[in-house]
Amino acid sequence: MVGMGESLVENTSSESTQSSSSGGDGEGLSSNLKAIIPYYEPYKKLSLEELIASLSDDYKRGNSLILLYKIRVNHEEYFGPMLWNSHGTIFALLKDIMQIYYFLSTPHLTERMANQVCNGLALLQCVASHPETRMDFIRTNLAEYLYPFITTTEGERPYEYLRVTSLGVIGSLVKEDDIEAVVYLLEAEIIPKCMLCLEVGNLLTKTVAAFILERILTVGEIGLRYCCGTAERFFPLTRILAQRIDEMVDEPCPRLLKHIICIYIRLADDPRGCDSLEWYLLGRFTDAAFLRLIKDDPTIMALVHALVHNVSTGHRTRKIQPTRKPFDRSNKGKQVAEPPMLTWDQ
């Protein structure tokens, strides 16, 4: 699962920016770029160092971002440190980010504006993912600049581009087994932010948000203790995940489903989490409509079998006997009973 998640995070900025750039011709060049080809061509002759240096120039930054975005994958070994150590580069990227904040609360955010910021976010992702600069990114609290994009509830395409690309940067922080990164994100309340993305985002956004949640839970024990520490954290998370599973009967997304199942498997490692999941989760994963959805995917089938086994036989605080059928797809959208109250130590 980690391998698939890493590939997903690495491609997030690419998918979102190409979506905003392509005009249906398959070339990946934005219509904005085609309109400025006479001004864009000279930039192709610049060296990598010159392109990075030109980011500090307000008039050159847009074109330089386009080229740097396209060539970044060819210089992965040293691109992040080059960006971090070049004079004024990070400030210039943050300047673009902060200038667009005002438009998040207006209907005037355009795809062109979002596209330039997404190109800059893709460069910040190179800094966040590189082992030499990841901790610098964390210690300077650069992720704080991304949270307004992640927490916007607007659903139009420019907002979605910013949301999913920002999540890709956060995902780069947790794709390695780095406890310090997990602690940093937990202190920034990243879990409620990811839960919001699971509610309002498109499928790609939901998938990246679920990947981040999975990594926070699986890197060490602190994420699991955080999520299962109180009922106020545990139940909203599991409800949102259950809602996404219910939706997949009509709109399947195997990548998202795999992450959600892995999150549930990890939550079942906590005794109180295992208690609660037993009450209302098993019915979902043995529902006929759900089983038809996953019957042709052996990987998901294996994960579901592991989850059902862990919840049925795992360690728990006490045995809970459901007072009524915990899940019935015919009740979708109707008021259902809450799980029995458990004792959660504060």
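Values in this document were obtained by computation on a predicted structure and should not be read as measured data.

Parameters at a glance
Residues numbered from 1 in each chain as written. Predicted model: local features only at pLDDT ≥ 70, side-chain atom pairs only at ≥ 80, totals over all residues. Heavy atoms only, no water. Axes fitted to C-alpha atoms, helices over the stretch in contact; angles between N-to-C directions. Helix = DSSP H or I, 4+ residues; strand = E, 2+ residues; numbered from the N terminus. Parallel < 35°, antiparallel > 145°, perpendicular 65-115°, else oblique. Left-handed = near helix turned anticlockwise from the far one by under 90°. Contact = heavy atoms within 4.5 Å. Nonpolar A, V, L, I, M, F, W, Y, C, P; charged D, E, K, R; others polar. Buried < 20%, exposed > 50% of the residue type's maximum accessible area, 1.4 Å probe, protein only. Salt bridge = Lys/Arg side-chain N within 4 Å of Asp/Glu carboxyl O. Core = buried A, V, L, I, M, F, W, Y, C linked by side-chain atoms within 4.5 Å. Domains from an automatic or database assignment. Expected span 1.5 Å × (residues − 1). Arc of directions from axis to C-beta. Polar contact = N/O pair within 3.5 Å; in protein donor to acceptor, adjacent residues only side chain to side chain.

Quick notes on the packing of helix 13 (residues 190-200) against helix 14 (residues 203-218)
Phase 1 of the analysis: Axis separation between helix 13 and helix 14 bottoms out at 8 Å; the angle between their running directions is 150°. Considering their axes alone, helix 13 and helix 14 lie roughly antiparallel with respect to each other. Taken as a pair, helix 13 and helix 14 cross one another with a handedness that is left-handed. Two secondary-structure elements touch here, helix 13 through Ile190, Ile191, Cys194, Cys197, Leu198 and Glu199 and helix 14 through Thr205, Lys206, Ala209, Ala210, Ile212, Leu213 and Ile216.
Phase 2 of the analysis: Here the residues of the contact of helix 13 with helix 14 are counted per class, giving 10 nonpolar, one polar and two charged.

A short note on unusual backbone geometry
Phase 1 of the analysis: With a phi close to 60°, asparagine 141 is a non-glycine residue in the positive phi region.
Phase 2 of the analysis: You can see asparagine 141 is positioned in the loop between helix 9 (134-139) and helix 10 (147-150).
Phase 3 of the analysis: Taking relative accessible area as the criterion, asparagine 141 reaches 30% and is therefore assigned partly exposed.
Phase 4 of the analysis: For glutamate 189, which is not glycine, the phi torsion reads 60° and is therefore positive.
Phase 5 of the analysis: Along the chain, glutamate 189 falls in the loop between helix 12 (179-187) and helix 13.
Phase 6 of the analysis: By relative accessible area, which is 37% here, glutamate 189 ends up partly exposed.

Let's talk about the pattern of salt bridges
Phase 1 of the analysis: Under the defined criterion, the tally for this structure stands at 13 salt bridges.
Phase 2 of the analysis: Between aspartate 58 and lysine 95 there is a salt bridge, with the nearest N and O atoms lying 2.8 Å from each other. With a gap of 37 residues between them, aspartate 58 in the loop between helix 4 (48-53) and helix 5 (61-71) and lysine 95 in helix 7 (residues 89-99) connect regions that are remote in the sequence.
Phase 3 of the analysis: The residue lysine 295 makes a salt bridge to aspartate 296 at a minimum N-O spacing of 3.4 Å.

Quick look at the nonpolar core
Nonpolar side chains in soluble globular proteins tend to be buried together.
Phase 1 of the analysis: Counting 99 residues, the largest nonpolar core has Leu162, Ile170, Tyr264 and Leu267 as the members making the most contacts within it.
Phase 2 of the analysis: Shared between two domains, this core holds at least three residues of each, these being domain 1 (45-219) and domain 2 (225-316).
Phase 3 of the analysis: Non-local contacts of tyrosine 264, meaning those with residues more than four positions away in its chain, are made with Thr238, Leu241, Ala242, Ile245, Leu277, Leu281, Phe285 and Leu307.

Thoughts on helix 21 (residues 298-313)
Phase 1 of the analysis: In this model helix 21 runs 22 Å from its N-terminal to its C-terminal C-alpha over 16 residues, within 8% of the 22 Å that 1.5 Å per residue would give.
Phase 2 of the analysis: Of the residues making up helix 21, those classed as buried are Ile300, Leu303, Val304, Leu307 and Val311. On an axial view of helix 21, the arc spanned by its buried residues comes to 100°, and they lie on one face. Every exposed residue of helix 21 that faces more than 90 degrees away from the buried side is listed here: Pro298, His305 and Thr313.
Phase 3 of the analysis: At the N-terminal end of helix 21, a side-chain oxygen is found 3.1 Å from the backbone nitrogen of threonine 299, two or three residues along, and the residue is aspartate 297.

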